[in-house]
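Understanding the architecture of this molecule
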Amino acid sequence: MSKFELEQIYLQLEHEIKRLSQSTDIVYRDATREDAQQAVIDLKSDIDNWVVRLRDRSISCYELENLLENKRSKIKLMRLKNKGLDEMEMEIFKGDVLRLIARALINTYLESLFRNQKTLNQFPQELYEQ
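Treat the numbers as computed from the prediction; the structure is a model and nothing was measured. (Residues numbered from 1 in each chain as written. Predicted model: local features only at pLDDT ≥ 70, side-chain atom pairs only at ≥ 80, totals over all residues. Heavy atoms only, no water.)

This part takes up the overall build of the protein chain. Along the backbone of the protein chain there are six helices and zero strands. In sequence order, the secondary structure elements of the protein chain are arranged as α-α-α-α-α-α. Across the 130 residues in the protein chain, those meeting the buried criterion constitute 35%. Long-range contacts, defined as pairs at least 24 residues apart, comprise 71% of the intrachain contacts of the protein chain with a sequence gap of at least 6. Carbon and sulfur atoms make up 52% of the accessible area of the protein chain, which totals about 8,300 Å². (Helix = DSSP H or I, 4+ residues; strand = E, 2+ residues; numbered from the N terminus. Buried < 20%, exposed > 50% of the residue type's maximum accessible area, 1.4 Å probe, protein only. Contact = heavy atoms within 4.5 Å. Areas by Shrake-Rupley, 256 points an atom, 1.4 Å probe, with all protein chains shown as cover.)

Quick look at the structure:
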């Protein structure tokens, strides 16, 4: 995946975070958006690494799921905690954030595969044999 596709992941995450925050109670809306954005910032180096590993095909979807689940404890949700959200709801929200990240990674990865396939079919084979 290219730098463009990495940027696409973060744009998709931003869009999904906005949608997630709009679907929450108005009392939690800003805290939801800010905590989700902070989670993405906190996991940025991991996300970048996973993108490279997906591109290199050195990681499977199952492994990505486990890597994401292992990062659940890094998601702090301090704003939602300060708003009084109970622990069970916070765990659900952490799962929502992890699902958004997984979806952005996998969707962009799959799109890049098909985009690359299309590109490969447009150029003469001898260009790839060098």
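All right, on to the environment of F93 then. Relative to the elements of secondary structure, F93 occurs in helix α6 (residues 87-122). The class for F93 is buried, based on a relative accessible area of 6%. Spatially, the C-alpha atoms of F93 and D35 are 9.8 Å apart, while their sequence positions differ by 58 residues.

Two numbers describe how helix α3 (residues 44-55) lies on helix α4 (residues 61-70): the axes approach to 12 Å, and their chain directions differ by 170 degrees. When the axes of α3 and α4 are compared, the pair comes out roughly antiparallel. Residue-level inspection shows W50, R53 and L54 of α3 in contact with α4, the latter providing L64, L67 and L68. Among the residues forming the contact of α3 with α4, the class breakdown is five nonpolar, no polar and one charged. (Axes fitted to C-alpha atoms, helices over the stretch in contact; angles between N-to-C directions. Parallel < 35°, antiparallel > 145°, perpendicular 65-115°, else oblique. Nonpolar A, V, L, I, M, F, W, Y, C, P; charged D, E, K, R; others polar.)

Okay, unusual backbone geometry next. A positive phi angle, close to 60 degrees, is found at R57, a residue other than glycine. On the secondary structure map, R57 appears in the loop between α3 and α4. A relative accessible area of 61% means that R57 is categorised as exposed. The phi dihedral of L77 falls on the positive side, at around 55 degrees, and the residue is not glycine.

Looking at the protein chain as a whole, its pLDDT mean stands at 84, while 85% of the residues score no less than 70. Under a pLDDT of 50 for its full length, residues 123-130 has, in the predicted model, three contacts with residues more than four places off or in other chains. (pLDDT = per-residue confidence, 0-100.)

For helix α1 (residues 3-22), built from 20 residues, the straight-helix expectation of 28 Å at 1.5 Å per residue is met to within 8% by its first-to-last C-alpha distance of 29 Å. Listed as buried for α1 are E5, I9, Y10, Q12, L13, E16, I17, L20 and S21. What you see down the axis of α1 is that its buried residues fit within an arc of 165 degrees, all on one side. Along α1, exposed side chains directed more than 90 degrees from the buried face belong to K3, F4, L11 and Q22. (Expected span 1.5 Å × (residues − 1). Arc of directions from axis to C-beta.)

The full count for this structure, using the stated rule, is 15 salt bridges. Residues E91 and K94 are paired through a salt bridge, measuring 3.4 Å at the closest nitrogen-oxygen approach. One end of the pair is E91 and the other is K94, both in helix α6 and three residues apart, which spans about a single turn. Through salt bridges with shared partners, a single network forms among D30, R33, E34, D35 and R79. (Salt bridge = Lys/Arg side-chain N within 4 Å of Asp/Glu carboxyl O.)

This part covers the side chain of D46. By the element assignment, D46 lies in helix α3. Relative accessible area serves as the criterion here: at 14%, D46 is assigned to the buried category. In this structure the side chain of D46 is engaged in a polar contact, spanning 3.5 Å, whose partner is the side chain of K71. When sequence neighbours within four positions are dropped, the list of residues in contact with D46 reads K71 and K74. (Polar contact = N/O pair within 3.5 Å; in protein donor to acceptor, adjacent residues only side chain to side chain.)

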